[in-house]
Amino acid sequence: MTDPGPLGPGPADPSRPSRPIRILLCDDHAVVRAGLLALLSSAPGIEVAGEAGGGEEAVVLAARLRPDVVLMDLQLGPGMDGIEATRRIVADAARAGTPTSGGGTGGGPYVLVLTTYDTDADITRAIDAGATGYLLKAERPEELFSAIRAAAEGRTALSPPVAGRVMARMRGSVRPALTDRERDILGQLARGLGNREIARALFISEATVKTHLGRIYDKLGVDTRSGAVAVAKEQRLLP
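Just so it is clear, the structure is predicted and the values come from calculations on it, not from any experiment.

J.: Can you break down the packing of helix α1 (residues 30-41) against helix α5 (residues 141-152) residue by residue, with the values?
T.: The contact between α1 and α5 brings their axes to 11 Å, and the two run at 80 degrees. With respect to their mutual orientation, α1 and α5 come out roughly perpendicular. Facing α1, whose interface residues are Leu 36, Leu 39 and Leu 40, α5 presents Pro 141, Leu 144, Phe 145 and Ile 148. Grouping the constituent residues of the contact of α1 with α5 by class yields seven nonpolar, no polar and no charged.

Below is the structure:
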């Protein structure tokens, strides 16, 4: 799904000479990068300018190569993750303020997240970091090509499941469906109790508490205890 809305500049000037959209791939799995390279090589008007196996390398290559789009995974193993790499690439591009070498609309490189993770927390963090789009690896190649072309013009590109969740959150129409146990744990969390204290209070193991906390974070779109409590209070989810 692509959206020509107000999140970025409009399409490139048709009077400009047509040049390939230059891509920087960032994924910590060499096999995945090889597959993407082969796939993108078959797409007209798209050229892979470089590859990075980690966040730090992606930041360096993005500054040096000035691609139009950085195709960014989120989980990159040890070191800088895709969120922080996105934040730095976007910040560097804003400071540079120069057009990309591939003839893009300027202001790039733009970051298009390509990942298997579609939790609210991941989506929110990526968008907050400055990602232009968020695509799931399960999408068809044609959707990937379309998203790359949209991202190169600074337009928003979202996988349909991601777009649905973003819109639902914007409308505030969907309240997280917490189980009774998750509500119990959230209530203890609001009291300022640690995992061990929550486990004792609810007669469950610490491992069970950690599992429930992970699910609570995903449902609320947060990644900290304080964030969970804040969202719970805002949405009146506390027991």
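J.: Lay out the packing of helix α7 (residues 180-190) against helix α9 (residues 206-220) with the relevant residues and their values.
T.: At a minimum axis distance of 10 Å, the contact between α7 and α9 shows a crossing angle of 90 degrees. Overall, the two elements α7 and α9 adopt an arrangement that is roughly perpendicular. Facing α7, whose interface residues are Arg 181, Glu 182, Ile 185, Leu 186 and Leu 189, α9 presents Val 209, His 212, Leu 213, Arg 215, Ile 216, Lys 219 and Leu 220. Here the contact of α7 with α9 is built from residues that sort into seven nonpolar, one polar and four charged.

J.: Could you give me a rundown of the pairing of strand β2 (residues 21-26), with the residues and numbers involved?
T.: Here β2 lies mainly inside the structure; six of its six residues are buried. The side-chain alternation of β2 yields two buried faces, one formed by Ile 21, Ile 23 and Leu 25 and the other by Arg 22, Leu 24 and Cys 26. The pairing of β2 with strand β3 (residues 46-52) spans six bridges and is classified as parallel. Counted as the bridge partner of Ile 21 is Ile 46 from β3. Handedness of the β-α-β unit built from β2, α1 and β3 comes out right-handed. In this structure, β2 lies alongside strand β4 (residues 69-72), joined through four bridges in parallel fashion. Note that in β4 the partner of Leu 24 across the bridge is Val 70.

J.: Let's hear about empty space enclosed by the protein: which residues, and what values?
T.: Taken as a whole, this structure holds one cavity of 30 Å³ or more when the rule is applied. A volume near 40 Å³ is recorded for the largest cavity. Lining of the largest cavity is provided by Leu 25, Cys 26, Asp 27, Leu 36, Leu 71, Met 72, Asp 73 and Leu 114. At the level of secondary structure, the elements contributing two or more residues to the lining of the largest cavity comprise β2 and β4. Considered class by class, the residues forming the lining of the largest cavity number six nonpolar, no polar and two charged.

J.: How would you explain the environment of Ile 216 if you had to name every residue and give the values?
T.: Examined against the element boundaries, Ile 216 turns out to sit in helix α9. The exposure class of Ile 216 is buried, given its relative accessible area of 0%. Put simply, Ile 216 and Thr 179 are 37 residues apart on the chain and 9.3 Å apart in space, counted from C-alpha to C-alpha. Those residues in contact with Ile 216, other than ones at most four positions away along the chain, are Glu 182, Ile 185, Leu 186 and Ala 228.

J.: Hey, could you go over the environment of Asp 118 for me, with residue numbers and the actual values?
T.: Along the polypeptide, Asp 118 turns up in the loop between β5 (110-115) and α4 (120-129). Overall, the relative accessible area of 28% leaves Asp 118 in the partly exposed class. Sequence separation between Asp 118 and Ser 159 is 41 residues, and the spatial gap between their C-alpha atoms is 9.6 Å.

J.: Give a description of helix α8 (residues 195-202) that names residues and reports values.
T.: An α-helix turns once per 3.6 residues; consequently, residues spaced three or four apart project the same way. Taken residue by residue, α8 has Asn 195, Ile 198, Ala 199 and Leu 202 as its buried positions. Down the axis, α8 shows its buried residues gathered within 100 degrees of arc, on one side only. The exposed residues of α8 that point more than 90 degrees off its buried face are Arg 196 and Arg 200. Those residues of α8 that are buried are in contact with α7, α9 and α10 (225-234). Looking one or two places after α8, you find Phe 203, whose phi comes out positive at around 60 degrees.

What counts as what
Residues numbered from 1 in each chain as written. Predicted model: local features only at pLDDT ≥ 70, side-chain atom pairs only at ≥ 80, totals over all residues. Heavy atoms only, no water. Axes fitted to C-alpha atoms, helices over the stretch in contact; angles between N-to-C directions. Helix = DSSP H or I, 4+ residues; strand = E, 2+ residues; numbered from the N terminus. Parallel < 35°, antiparallel > 145°, perpendicular 65-115°, else oblique. Contact = heavy atoms within 4.5 Å. Nonpolar A, V, L, I, M, F, W, Y, C, P; charged D, E, K, R; others polar. Buried < 20%, exposed > 50% of the residue type's maximum accessible area, 1.4 Å probe, protein only. Pairing = 2+ DSSP bridges. Right-handed = clockwise from strand over helix to strand, strands pointing away. 1 Å grid on protein atoms, 1.4 Å probe; cavity = no way out; pocket = protein on both sides within 12 Å on 5 of 7 lines; lining within 4 Å. Points joined across faces, edges and corners; volume = space filled by probe spheres on them. Arc of directions from axis to C-beta.

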